[in-house]
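Coordinate analysis (summary)
As a plain string of letters, each chain reads:
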Amino acid sequence: MFSKHVTKKLSAYCHSEVAADESRQIAEHLIACSRCRAQFEEIKLGVKLAECLPQLAAPDSLWLDLQSRLAEETKPSRIESRQRPRFSFKLWNPAFAGVGAGLILVAVFGAWLLYSRESRPFWEVARLNGSPRIGSSRMNEKGRLAVGEWLETDGSSRAKIEVGSIGNVEIDPNTRVRLIETKPTEHRLELARGKMSARIWAPPRLFFVDTPSAVAADLGCAYTLEVDDSGASLLHVTSGWVELQLKDRESMVPAGAACATRPGVGPGTPYFEDASANFREALHKLDFGEVVDVPDLQRPLQVVIAESRPRDTLTLWHLLYRVEGKDRELVFDRMAALSPPPKDVTRAGVLQLDDKMLHLWKGYLENSWGNQSGLKKAWLKIWTGALGKANGLEGKR
Amino acid sequence: MEQRAVMAEPVIDEHVIEACQRGDREAFRLLFETYKDKVFSIAVYSFGGDEAAASDVSQQIFLKLMTAIGQFRGDSAFTTWLYRMVVNACIDEQRKRRRFIPFLESMPMSKIEDRRPQEKRYARLEVADSVQAAIKELTPKLRMPILLKYVEGLSYEEIATVMGCSKGTIASRLNRGHQSLARKLGHLRNEFVD
C-alpha cells in the first residue's frame, strides 16, 4: 500500500495539479511515509519561498522607448505595409490620448470589480439548517465563501464548508467564521465565536483555525472547537492530533483529549476527558486560576499529581514545561512512577528541559495516550470515512 | 526597483486582439499595460537583476508582438503565445550575452537590494530579496518554470506548452527548483512559522 514513494509528484500535489484520486493516494502515502513527508516539508518551504517572488513594475519609460522604436520601425521606407499593422500616429494627439487613458482606467476598474467579486479563491458552503449568511446575503442551498468573507449562523441555522479537497467543517448555530486563506500549502479559517467541527484528511499542517486565544493546527484529525464571547476556546479532539499554539506556548492534543485556551494566556494544558473531575478542576485552576495561598496538599498541582493515572502523563508531560523548581521535580517523580523514562532520559536532563530527552520520553508515553499507531491509524480512520462518503457509503456504516 | 502588488488585469479578449490586429493603437496600449510588468519581471529575473537588459528585451518583445500579432490565429491561448515569445526572447538574449559575459556575473541582484534600503525594515521583503538572489542561481531550465508559475500564474499545462515540453518535465523541474530554493534558504523557514 505504501510501497511507491511520491517525492517526484510533490510540487504537482502542492499546486493541485494531480487528479483527485492521485491526490488522495499521495496524501495517504505522506501520512505513512516519513521520508516522503520530510521531502514534502522541503517542497512546501520551496513553494512558500517562491510565492514571495514579487512581480516587478516595468519602468514608466518603457512605453516611451517603445514608441520611439515603433516610430522608427514604422517609417514607410522600413516597413512592408501589407505585413505590419497600420498604426496611425495621428491618434496621438492629446484628445485621443485622454480618451484612451480614460478607456484604460474604465477597463482596469471594471476588471478590478470583476476580480474582487469573482476571482478570489473560495470554499463551497452547503446550508444544513436555517438561513446562514455569507457577508450580508442569506445563502441558498449552496454558496461560496470567498477569502475575506464571513459566514455567520443564527440560533437556528447550520452550514457545512468543504475545505478545498482536504476535508470539511460543520458550522453550528450562533457561529461566526471567516475564510482567511486557501491555497495548496495552507488553508486557514478564523473562528471568532461559536462552534465548529472539522474533519480533515490531509498531511499535517495544511489546515489552521485562528481563534482569539490560540491557533489550532491540524495534524491529520477530527475535532470540535468552540469559542465563547470572551474569546476563550475549548478544543475536543476525536481523531488524530491537533496542536494549539500562541507564541511560544504549545499544546499537543490527541484523540480523546481536550484543551482550553484563554485570551492573553494561550493554550492551557491538555487533558484526557475521562480524567477525574478533581483532576480537571485542579488543572483548570493551575492553568487559568488566580494564585491563592492554600495548604500544600490542596494546591492544584498536588491534586493533579495525586489524581493522575498513567494516561495522564499527557498532562504531566506538558506541565514539565510550565512549572519550575520543586514543582517540576514533583511532576517528574510522579511521571517516573507512572511510566519510567527510557534509559537515555535522565532526571537531570528532564529537569533542565532537555528537548531531545523530553521528546524521546514523549514517544514512549504516547503508547499510553491511546494513539498506539499514531498519526497513521487516526488519519486512516478519517480517511476511510472520507472515502466511504465519496463512495456514498457514509450512511451505511 | 518598485515592487507591485499583483492586481487584477484587464481582460484581454478576442475583441482586443482583433483590434490590435487591425492596428488599433489604444488596444495595443491596453495589451501593453496588461502585460508590461509580467514581461518585465520575467526579463529582470532572467537577466539576474539587470534592469537595462530587461528593459531592452521587453521592448523587443512588445515590438515583435506588435508586428507579429497579425499572425496570431487563436490556435492557442493568447497568453501561451505571448509567453512563448517572452521565453524565446529571454533565452536568445541570454545566449547572445553569454558569448561576452558569464551569465551569473552579468549583474548582481544586490543592485535591487541597494535600491530599496528603506524596505529592508520589513522581514517579508528581505525574504523576497533572498528568493530573488536564489532564483538567480538556478539554471535557466529550473528558473523559467518557477517564473512562469509564480510571476505569471500559469498552470503546468500552460508552462509545458510555452516551453515546448511535457507536463511531467515541468513538474519535475518545479520539484527540483523548489528543493533548491528550500535548501539554499532553509534558514528562512522561521519566517513562515504560523
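A few points on the structure. (Residues numbered from 1 in each chain as written. Chains lettered and ligands numbered in written order. Predicted model: local features only at pLDDT ≥ 70, side-chain atom pairs only at ≥ 80, totals over all residues. Heavy atoms only, no water.)

Here we look at the overall build of chain B
Our working rule: Each helix corresponds to a stretch of at least 4 residues labelled H or I by DSSP, and each strand to a stretch of at least 2 residues labelled E; elements are numbered beginning at the N terminus. In this scheme, a residue with accessible area under 20% of its type's maximum is buried, one over 50% is exposed, and one in between is partly exposed, where area comes from a 1.4 Å probe on protein chains only. Here a residue-residue contact requires only that any non-hydrogen atoms of the pair lie within 4.5 Å. Each accessible area value is a Shrake-Rupley result obtained with a 1.4 Å probe; residue values ignore everything except the protein chains displayed when judging cover.
For chain B, the count of helices and strands is 9 helices and 1 strand. Relative to its full complement of 194 residues, chain B shows a buried share of 54%. Relative to all contacts within chain B whose residues are 6 or more apart in sequence, the contacts with residues 24 or more apart total 66%. Just so you have it, chain B exposes about 8,600 Å², and 50% of that area is on carbon and sulfur atoms.

What about the nonpolar core?
Here is the rule we go by: For the purposes of this section, nonpolar cores are sets of buried Ala, Val, Leu, Ile, Met, Phe, Trp, Tyr and Cys residues that join through side-chain atoms within 4.5 Å.
Core analysis: the largest hydrophobic core is formed by 156 residues, its most contacted members being A:Leu151, A:Met196, A:Phe207, A:Tyr223 and B:Phe78. It is helix 2 (residues 25-46) of chain B that provides the largest number of residues to this core, a total of 12 residues. Setting aside residues no more than four positions away along its own chain, A:Tyr223 makes contact with A:Met196, A:Ser197, A:Ala198, A:Phe207, A:Val209, A:Ala216, A:Leu235, A:His236, A:Val237, A:Thr238 and A:Val242.

Focus: the pairing of strand 9 (residues 176-183) of chain A
Residue and element names in this part refer to chain A. Keep this limit in mind: When DSSP finds at least two bridges between two strands, those strands are taken to pair.
One ladder, built from 3 bridges, connects strand 6 (residues 150-152) with strand 9; its direction is antiparallel. Its bridge partner being in strand 9, Trp150 is matched across the sheet by Arg178. Here strand 9 pairs with strand 10 (residues 186-200) via 7 bridges, running antiparallel. Within the sheet, the bridge partner assigned to Glu181 lies in strand 10 and is Arg188.

As for the packing of aromatic side chains
Rules: Between 30 and 60 degrees the pair is tilted, below 30 it is stacked and above 60 it is edge-to-face, where a pair is any two Phe, Tyr or Trp rings, Trp via its six-membered ring, whose centres lie within 6.5 Å. We call a charge positioned above a ring when the Lys NZ or Arg CZ atom is no farther than 6 Å from the ring centre and deviates by at most 35 degrees from the ring normal.
One pass over the structure, following the stated rule, counts 13 aromatic pairs over all chains. Ring pairs connect the aromatic residues B:Tyr35, B:Phe72, B:Phe78, B:Trp81 and B:Tyr83, which therefore count as one cluster. Over the ring of A:Phe208 we find A:Arg188; its NZ or CZ atom is 4.6 Å from the centre of that ring. In this structure, A:Arg262 is placed above the aromatic ring of A:Phe288, and the distance from its NZ or CZ to the ring centre is 4.6 Å.

Considerations on the packing of helix 8 (residues 313-322) of chain A against helix 11 (residues 355-365) of chain A
A pair of packed helices can be characterised by two numbers: the angle between their axes and the separation between those axes. All names here are of chain A. Put simply, the rule reads: Helix axes are fitted only over the stretch in contact, all axes being lines through C-alpha atoms; the angle between N-to-C directions runs from 0 to 180 degrees. When an angle is under 35 degrees it counts as roughly parallel; over 145 it counts as roughly antiparallel; between 65 and 115 it counts as roughly perpendicular; any other value is oblique. Think of it as three bins: nonpolar holds Ala, Val, Leu, Ile, Met, Phe, Trp, Tyr, Cys and Pro, charged holds Asp, Glu, Lys and Arg, and polar takes everything else, Gly as well.
One way to put it is that helix 8 packs onto helix 11 with a least axis distance of 11 Å and a crossing angle of 175°. Comparing the axis directions of helix 8 and helix 11 gives the class roughly antiparallel. Residue-level contacts link Thr313, Trp317, Leu320 and Tyr321 of helix 8 to Asp355, Leu358, His359, Lys362 and Leu365 of helix 11. The class makeup of the residues in the contact of helix 8 with helix 11 is 5 nonpolar, 2 polar and 2 charged.

What to know about the packing of helix 7 (residues 300-307) of chain A against helix 9 (residues 325-338) of chain A
Residue and element names in this part refer to chain A. At a minimum axis separation of 10 Å, helix 7 and helix 9 run at an interaxial angle of 10°. Regarding the angle of helix 7 to helix 9, the classification is roughly parallel. Of the residues in helix 9, those in contact with Leu301, Gln302, Ile305 and Ala306 of helix 7 are Asp327, Leu330, Val331 and Arg334. Class assignment of the residues belonging to the contact of helix 7 with helix 9 gives a composition of 5 nonpolar, 1 polar and 2 charged.

Comments concerning the side chain of B:Ser55
Its place among the elements puts B:Ser55 in helix 3 (residues 51-68). Beyond its immediate chain neighbours, meaning those up to four positions away, B:Ser55 contacts A:Pro59, A:Leu62 and B:Phe40.

Notes on unusual backbone geometry
Residues and elements named next belong to chain A. Even without a glycine there, the phi angle at Ser16 is positive, about 55°. The residue Ser16 is located in the loop between helix 1 (10-14) and helix 2 (20-32) in this model. Ser16 sits in the exposed class, given a relative accessible area of 57%. Of note in this structure, Asn174 is not a glycine but carries a positive phi near 55°. Take Asn174: its relative accessible area is 44%, and that puts it in the partly exposed class.

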